[in-house]
Amino acid sequence: MRYLTVALTKGRLAKQTMNLMEQIGISCEEMRDPNTRKLIFVNETYGLKFFLAKGPDVPTYVEYGAADLGVVGEDTIMEEGRKIYEVLDLGFGKCRMCVAGPEEAARLLNGQEQIRVATKYPKIARDYFNDTKNQTVEIIKLNGSIELAPIVGLAEVIVDIVETGSTLRENGLKVLEEVCPLSARVVVNPVSMRMENERITKLLSDMNAALHT
Ligand code: PRP
């Protein structure tokens with residue numbers, strides 16, 4: 001039997017996904033070892049192979065068929081715009097994509113001002129300002145600690161994910177607008193969906209059932 005390969009987002013999403021897998025009887029002992037640096041794990045019984053990748057790379061592996069399935073945040077799916085099917089909302093990894101900044105910056109979001117927006121998500125930020133708000137802005141791509149940008153004067157506002165809100169709070173920033181709610185999703189390669197339909201459908205329905213117990 002050919003292995004079904006699943007690309008997981010390294011970190012908390014991978015852990016939560018494997019907890020869900022365990023609920024449906026699929027376990028990977030090796031992955032539980034906190035000191036392991038291994039990136040690929042196999043479950044022989046179910047013919048499954050799991051690997052750990054950086055979030056933004058998960059849709060890439062799935063589009064090219066290097067993974068049949070992937071688990072990744074909806075923010076990353078939106079940003080990457082890959083040719084993949086989004087098939088299941090896992091309900092965890094819940095957060096919100098927001099425009100944030102100092103309270104005074106709220107008045108700059110009226111559609112008229114030429115402002116700078118710092119973000120790890122240039123596509124999401126551009127789509128939101130251009131299409132939803134009809135406001136011309138300059139997007140500045142950063143790779144992390146986005147909250148710094150308005151504090152040090154790189155940008156007026158940021159577009160970023162907010163989970164508990166504590167990063168914003170501890171840096172004197174506020175949510176100014178909500179772009180959309182987000183959660184973790186299962187994505188599938190379109191060819192795999194056809195060729196391995198039975199196995200994939202069974203796995204997804206078992207996962208879905210475990211989510212609702
Ligand atoms: C994310 C995000 C925010 C923070 C939000 O950053 O970019 O900074 O989490 O979480 P909170 O609302 O619970 O505080 P991440 O930890 O992924 O690191 P990064 O700064 O490298 O993007």
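Treat the numbers as computed from the prediction; the structure is a model and nothing was measured. Each chain carries its own residue numbering, running from 1 in the written order of its sequence. The model is predicted, so local features are restricted to residues of pLDDT at least 70 and side-chain atom pairs to those at 80 or more, both for listing and for counting; the totals for chains, interfaces and linings are taken over all residues. Excluded from the side-chain calculation are hydrogens and water; included are all heavy atoms of the structure.

Participant: How should the sheet that holds strand E11 (residues 184-188) be read in this particular structure?
Facilitator: Two strands in a sheet stick together by hydrogen bonds in their backbones, pointing the same way (parallel) or opposite ways (antiparallel). By definition, two strands form a pair when at least two bridges between them are found by DSSP. Only DSSP runs of H or I reaching four residues or more are called helices, and only runs of E reaching two or more are called strands; each is numbered from the N terminus. Here six strands make up an open sheet; going across it, the order is E2-E3-E1-E4-E11-E5 and the pairing mixed. Edge positions in the sheet fall to strand E2 (40-43) and strand E5 (85-89), since each of these pairs with one other strand and no more. Between one strand axis and the next, the sheet turns by 25° as a mean value, whatever way the strands run. Note on definitions: a residue-residue contact is assigned when non-hydrogen atoms from the two residues lie within 4.5 Å. Every angle, taken between N-to-C directions, lies between 0 and 180 degrees, and every axis is a line fitted to C-alpha atoms, over only the stretch in contact when it is a helix. Here helix H1 (residues 12-23) sits on the sheet in contact with strand E1 (4-9), strand E3 (48-53), strand E4 (69-73) and E11, set at roughly 135° to E1. Against the sheet, helix H9 (residues 197-211) engages E1, E3, E4, E5 and E11, with an angle of about 30° to E5.

Participant: Would you mind going over the domain arrangement of the protein with me for this structure?
Facilitator: Frequently, the measure chosen for interface size is the accessible area that the parts lose on association. When cut into domains, the protein gives domain 1 (4-93 + 183-211) and domain 2 (95-181). Just so you know, the domain bounds were taken from an automatic or database domain assignment. Relative to domain 2, the C-alpha centre of domain 1 lies at a distance of 30 Å. On the domain 2 side, the residues contacting the six residues of domain 1 number ten residues. The term buried area means the drop in 1.4 Å probe accessible area that two parts suffer when joined, counted for both and summed. Three residues stand out in domain 1 for area buried against domain 2, namely Asp75, Met78 and Glu79, and they jointly supply 68% of the buried area on that side. Between Glu163 and Arg12 there is a salt bridge, with its nearest N and O atoms 3.2 Å apart. Polar contact criterion, stated in full: a pair of N or O atoms within 3.5 Å, where within protein one must be able to donate a hydrogen and the other to accept it, and residues adjacent in sequence count only if both atoms are side-chain atoms. On inspection of domain 1 and its partner domain 2, the count reaches five residue pairs in polar contact (both at pLDDT 80 or more). At four residues, helix H4 (residues 74-80) tops the list of elements feeding residues into the side of domain 1 that touches domain 2. Basic side-chain nitrogens of Lys or Arg form a salt bridge, by our definition, when they fall within 4 Å of a carboxyl oxygen of Asp or Glu.

Participant: It is not clear to me how the pairing of E11 should be interpreted in this structure. Could you clarify?
Facilitator: As a general feature of sheets, a regular strand has side chains that alternate between the two faces. With five of five residues buried, E11 lies mostly within the body of the structure. Buried, partly exposed and exposed residues are distinguished by accessible area as a fraction of the type maximum, computed with a 1.4 Å probe on protein chains only: under 20%, between the cut-offs, and over 50%, respectively. Of the two faces of E11, the one lined by Ala184, Val186 and Val188 and the one lined by Arg185 and Val187 are each fully buried. In terms of strand pairing, E4 meets E11 through five bridges, oriented antiparallel. By the bridge assignment for E11, Gly70 is matched with Val187. Strand direction decides the pairing type here: E5 and E11, joined by four bridges, are antiparallel. Residue pairing across strands places Leu88 opposite Val186, the latter belonging to E11.

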